[in-house]
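Residues per chain, in single letters:
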Amino acid sequence: MNLMLFGAPGAGKGTQAKFLIEKYDIPQISTGDILRAAIADKTEMGMEAKKFMDEGQLVPDSTIIGIIKDRLAEDDCKKGFILDGFPRTLPQAEALNALMNDMGISLDKVISLNVPDELIVERITGRRTSKVTGKIYHMKFNPPTDEKEEDLIQRADDTEETVTKRLSAYHDQTAPLIDFYTNMGVIVELDGTKDVSEVTADMFTAIEK
Ligand code: AP5
């Protein structure tokens, strides 16, 4: 099962990826998480990427494509994977097709989560992640019940100012990929404004159709 979660920042990709991992036992490949781990490790690539991420801009394609190429070559991807936050530009989408073609595999489904910009800002600014369990919460929509307050972290790029820039990068560079995947016949567009559990149910129905 080779899947992709697609959508604006805060559309719910990371939230829904957790349910796919549980159901299909395949790894989530989040370019955002890989970049944040590189920043935490203070690698050269991480420090370079941080400059773009702090500004709400996309990290250059060459860096991202290199990350994906290495990650897809790992053993745990042989049974399938969930791409989360990749691709985000046409060159990235084309590179992915070429890479998958070389590997003799194809995309089964692209799940696009549609959420209007007005809701995105509230979702992003209210998001907290547990540094212990990695669980994603929202202080209003999905408040933590059994986590200690000091274990909850807010991402550096989750400010109102940066989210506006991330949204404009999404509309300018990423949203055009909806046409790209429509032409490939693999995309399913879902209403991402529903409750988390309803989105999950719609997603499973779409995948298993
Ligand atoms: P990345 O980490 O990929 O962030 P993103 O795409 O901006 O997406 P998010 O992680 O913010 O949101 P999400 O859709 O996963 O939402 P979540 O489930 O957490 O990228 C960060 C940066 O890295 C980029 O800006 C860029 O600089 C760089 N980068 C990464 N990949 C790149 C690439 N391929 N090319 C170039 N640069 C790249 O949900 C959000 C909140 O909403 C949570 O609080 C959650 O609890 C809540 N929520 C979720 N679903 C619902 C629901 N149905 N109802 C109510 N609340 C909900």
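These remarks concern the structure in this document. (Residues numbered from 1 in each chain as written. Predicted model: local features only at pLDDT ≥ 70, side-chain atom pairs only at ≥ 80, totals over all residues. Heavy atoms only, no water.)

Okay, the overall build of the protein next. Along its length, the protein carries nine helices and eight strands. For the protein, whose C-alpha radius of gyration is 16 Å, the value lies close to the compact-globule estimate of 17 Å for 209 residues. Here the C-alpha coordinates of the protein stretch approximately 45 × 40 × 35 Å along the principal axes. For the protein, with 209 residues in total, the buried portion stands at 45%. Per element, the accessible surface of the protein, about 10,900 Å² overall, is 51% carbon and sulfur. Across the protein, the mean location of the 25 positive side-chain charges is 2 Å away from that of the 37 negative side-chain charges. (Helix = DSSP H or I, 4+ residues; strand = E, 2+ residues; numbered from the N terminus. Rg over C-alpha atoms; globule rule 2.2 N^0.38 Å. Buried < 20%, exposed > 50% of the residue type's maximum accessible area, 1.4 Å probe, protein only. Areas by Shrake-Rupley, 256 points an atom, 1.4 Å probe, with all protein chains shown as cover. Lys, Arg positive; Asp, Glu negative; His and termini not counted. Charge placed at Lys NZ, Arg CZ, Asp CG, Glu CD.)

Turning to the sheet that holds strand β5 (residues 127–130), a few remarks are in order. One key point about sheets: their strands pair by backbone hydrogen bonds, in either a parallel or an antiparallel sense. Taking strand neighbours across the sheet as the criterion, the three strands line up as β6-β5-β7 in an open arrangement whose pairing is antiparallel. Each of the sheet's edge strands pairs with one partner strand only, and the pair in question is β6 (136–138) and β7 (152–153). As defined by bridge partners, β5 adjoins β7 across two bridges and the pair is classed as antiparallel. Following the sheet pairing, Ser 130 is matched in β7 by Leu 152. Those strands touched by helix α6 (residues 117–125) are β5 and β6, and its axis lies near 35 degrees from that of β5. (Pairing = 2+ DSSP bridges. Contact = heavy atoms within 4.5 Å. Axes fitted to C-alpha atoms, helices over the stretch in contact; angles between N-to-C directions.)

For the structure shown, the criterion picks out three aromatic pairs. Ring centres 5.0 Å apart and planes at 80 degrees place the aromatic pair Phe 180 and Tyr 181 in the edge-to-face group. Of the two residues, Phe 180 and Tyr 181, both sit in the buried class. (Phe/Tyr/Trp six-rings, centres within 6.5 Å; stacked < 30°, edge-to-face > 60°.)

Ranked by internal contacts, the top residues of the largest apolar core, which has 51 residues, are Leu 20 and Tyr 181. A total of five residues in this core trace back to one element, the largest contributor, which is helix α9 (residues 196–208). Discounting chain neighbours no more than four positions away, the residues touching Tyr 181 are Met 4, Pro 87, Ala 93, Leu 96, Leu 107, Val 110, Val 186 and Ile 187. (Core = buried A, V, L, I, M, F, W, Y, C linked by side-chain atoms within 4.5 Å.)

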